[in-house]
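Coordinates in review
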Amino acid sequence: MGHISLYDAKTHLSGLVERAAAGEEFVIAKNGVPMAKLVPLPKVTEPRKPARALGITRIAPDFDDPDAQIEALFAGDGLEEGSDNGAGG
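The following paragraphs examine the structure supplied in this document.

Rules used throughout
- Residues numbered from 1 in each chain as written.
- Predicted model: local features only at pLDDT ≥ 70, side-chain atom pairs only at ≥ 80, totals over all residues.
- Heavy atoms only, no water.
- Helix = DSSP H or I, 4+ residues; strand = E, 2+ residues; numbered from the N terminus.
- Contact = heavy atoms within 4.5 Å.
- Areas by Shrake-Rupley, 256 points an atom, 1.4 Å probe, with all protein chains shown as cover.
- Buried < 20%, exposed > 50% of the residue type's maximum accessible area, 1.4 Å probe, protein only.
- Polar contact = N/O pair within 3.5 Å; in protein donor to acceptor, adjacent residues only side chain to side chain.
- Salt bridge = Lys/Arg side-chain N within 4 Å of Asp/Glu carboxyl O.

1. Things to note about the overall build of the protein chain
Secondary structure summary: the protein chain contains 3 helices and 3 strands in total. Mapped in sequence order, the helices and strands of the protein chain form the string β-α-α-β-β-α. Pairs at least 24 residues apart make up 22% of the contacts formed inside the protein chain by residues separated by at least 6 positions. Total accessible area on the protein chain stands at roughly 8200 Å², and carbon and sulfur atoms take up 56% of it.

As structure tokens, this is what we get:
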């Protein structure tokens with residue numbers, strides 16, 4: 001495990017991250033006092049499993065289909081002259 005100063009770590013961070021990803025570990029010191037440790041993360045071997053935190057178990061097949069009403073609003077259709085469109089003023 002190598003020791004490196006905070007200044008050198010900032011200067012060479014990209015290279016240190018590459019080396020850490022390859023398996024090396026580094027202790028980063030500020031004024032000679034160890035402050036942090038740069039270590040490789042474990043390799044992900046399987047795809048992430050959704051946690052279903054919102055309770056969503058199904059997405060409708062037409063979920064991302066275009067919506068005619070929203071398209072009309074973007075195109076400026078359907079707004080009557082003089083009506084309040086929420087723009088303020």
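2. Considerations on helix α3 (residues 68–75)
Little of α3 sits out of view: just 0 of its 8 residues are buried. Between the side-chain oxygen of the N-cap and the backbone nitrogen of Gln69 there are 2.9 Å, and the N-cap of α3 in question is Asp67. Directly after α3, the chain includes Gly76, whose backbone phi takes a positive value near 90 degrees.

3. Overview of the pattern of salt bridges
On inspection of all chains with the given rule, the structure shows 2 salt bridges. Among the salt bridges present, the one from Glu24 reaches Arg19, with a minimum N-O distance of 3.0 Å. Residue classification places Glu24 among the partly exposed residues on the basis of a relative accessible area of 34%. Judged by its relative accessible area of 41%, Arg19 falls in the partly exposed class. Between Lys37 and Glu25 there is a salt bridge, with the nearest N and O atoms lying 3.6 Å from each other. You can see Lys37 sitting in strand β3 (residues 33–38) and its partner Glu25 sitting in the loop between α2 (13–21) and β2 (26–30), a full 12 residues away along the chain.

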